[in-house]
Amino acid sequence: MSLSPRANAGSMWAMSDGAVLITGGSGGIGGESAKRFARHGYRPIVAYARNRQAADAVADRTGGLSVQLDLSQASSIDAAIENLETTAPDLAGVVLAGSPPPQLIPFGKIDESDLRLHLDVQVIGTHRLLASLVRKFFRTKKNGFVVGVLSAATGLGSGRAKASLGAYVIGKYGRAGVLALAQQDYPWLRVRTVSSSYTDTALLPVFDGRYVEQLGQRGEVAPPDEVARTIVEAAVGSVATQR
C-alpha cells in the first residue's frame, strides 16, 4: 500500500483548505472532481483500488496524493486510514465516487459473487471507511463533509429503478442507506448525495453501442466534469464553485 505526494504538490499545500479523499479518484468522475477541488484550494487524496498509474497521473495534475484503497478489503481501508493520520491530518471530507462497474443482468439472474462485491464495496467497505474517518478526523472538530455518488438508475425518490442493472442498483441503494444513517447519527456532519445519470466515462460502453448513441443524440449523456461540478457544489457550497 502506498501513499505519496506527487512532485508538484508543494506550492498548493501551503494554500490548501484541507485534504479531500476521493475514492475512485483515478476514474472519470473522480479525476474531474480532484481537479475541481484543487482549483478551489483543496488537496486531493486520489484513492484507487488497482490502477495506480492513472491515480498518480491525476495526483500529478492536481498537486495531491495517491493512495491505494480497496473498499472490498478491510485491511486496505485500515492501512489507508493509518497513513492518512500522518500524511493528511487536515482531512476535510470524502467523496465516494468509486464502485464496481454495472453488469447488464436481469433480477432473476444476478450472480451471487457480483452482488457480494457490490455489497462489500458500497455497503460494508463504505461503512468501515466512514466510521474510521469520523472517529479519526471529523468527530474531534465536529466538522466534515461526505458526498456519496449514487445513480439515477436507482430511481430513488421515484421508486422506479432501471431494469437489468442487477447488483449495481442494489449496491447503490445500500450506500444510500449507510449515508442516511451517518447523517442521522452525526447531525454535524455534512452528508450529501449526487445521483448521476449516464456519464461519459469508461463504464459507459457496458451498454449497447446503439443505445449509447441514442442517449447522446437525446443529450442524456453528461460529461464527467459536469458531475464533478455538482459534487464540489454539494461538498462545499456554491460559493466555492465560483472562485
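Residues numbered from 1 in each chain as written. Predicted model: local features only at pLDDT ≥ 70, side-chain atom pairs only at ≥ 80, totals over all residues. Heavy atoms only, no water.

**Q** How should the overall build of the protein chain be read in this particular structure?
**A** In terms of helices and strands, the protein chain carries nine helices and nine strands. Across the protein chain, the fraction of contacts at a sequence separation of at least 24, relative to all contacts at a separation of at least 6, is 71%. Accessible surface for the protein chain amounts to roughly 11300 Å². Of this, 51% is attributable to carbon and sulfur atoms. (Helix = DSSP H or I, 4+ residues; strand = E, 2+ residues; numbered from the N terminus. Contact = heavy atoms within 4.5 Å. Areas by Shrake-Rupley, 256 points an atom, 1.4 Å probe, with all protein chains shown as cover.)

**Q** Honestly, a nonpolar patch on the surface in this entry has me stumped. Any pointers?
**A** On the surface, a nonpolar cluster with roughly 300 Å² of combined accessible area is contributed by F107, L119 and I170. By the element assignment, F107 lies in the loop between β5 (91-96) and α5 (112-138). (Patch = residues over 30% accessible without salt bridge, like charges linked within 9 Å, V, L, I, M, F, W, Y side chains within 5 Å. Salt bridge = Lys/Arg side-chain N within 4 Å of Asp/Glu carboxyl O.)

**Q** Explain helix α4 (residues 74-87) here, please?
**A** An α-helical segment advances 3.6 residues per turn. Residues three or four places apart therefore align on the same side. Between its first and last C-alpha atoms α4 spans 20 Å; for 14 residues at 1.5 Å apiece the expected length is 20 Å, and the two agree. All buried positions along α4 are accounted for by S76, I77, A80, I81 and L84. Looking straight down α4, one finds that the buried residues subtend no more than 135 degrees of arc, so they occupy a single side. Along α4, exposed side chains directed more than 90 degrees from the buried face belong to S75, E82 and T86. (Expected span 1.5 Å × (residues − 1). Buried < 20%, exposed > 50% of the residue type's maximum accessible area, 1.4 Å probe, protein only. Arc of directions from axis to C-beta.)

**Q** Hey, could you run me through the nonpolar core in this one?
**A** Across soluble globular proteins, nonpolar side chains have a tendency to be buried as a group. Ranked by size, the top nonpolar core spans 28 residues in total, and within it L21, I45, L129 and L133 carry the most contacts. Breaking this core down by element, the ones donating at least two residues are β2 (19-23), β3 (43-48), β4 (65-68), α4, β5, α5 and α6 (166-185). Considering every element that reaches this core, the biggest residue donor is α5, with seven residues. Apart from the residues lying within four places of it in its own chain, the contact partners of I45 are A19, V20, L21, I22, L65, V67, L84, A88 and L91. Residues V20, I22, A55 and V232 belong to the second largest nonpolar core, which totals 22 residues. (Core = buried A, V, L, I, M, F, W, Y, C linked by side-chain atoms within 4.5 Å.)

**Q** Whenever I open this one, the pairing of β5 confuses me. Can you help?
**A** On a regular strand, each side chain points to the face opposite its neighbour's, so the side chains alternate between the two faces of the sheet. For β5, the tally of buried residues reaches six of six residues, placing the bulk of the element in the interior. Examined bridge by bridge, β2 and β5 share five bridges and lie parallel to one another. Paired with V20 across the two strands is G93, which belongs to β5. In terms of strand pairing, β5 meets strand β6 (residues 145-149) through four bridges, oriented parallel. The partner of V95 across the bridge, within β6, is V147. A crossover connection joins β5 to the parallel β6 through α5; in handedness this β-α-β unit is right-handed. (Pairing = 2+ DSSP bridges. Right-handed = clockwise from strand over helix to strand, strands pointing away.)

**Q** What is the right way to read the environment of G18 from this model?
**A** The topology assignment puts G18 in the loop between α1 (10-13) and β2. Taking the C-alpha atoms as reference points, G18 and D90, separated by 72 residues in sequence, lie 5.1 Å from one another. If near-sequence neighbours (up to four positions away) are discounted, G18 is found in contact with G41, Y42, R43 and D90.

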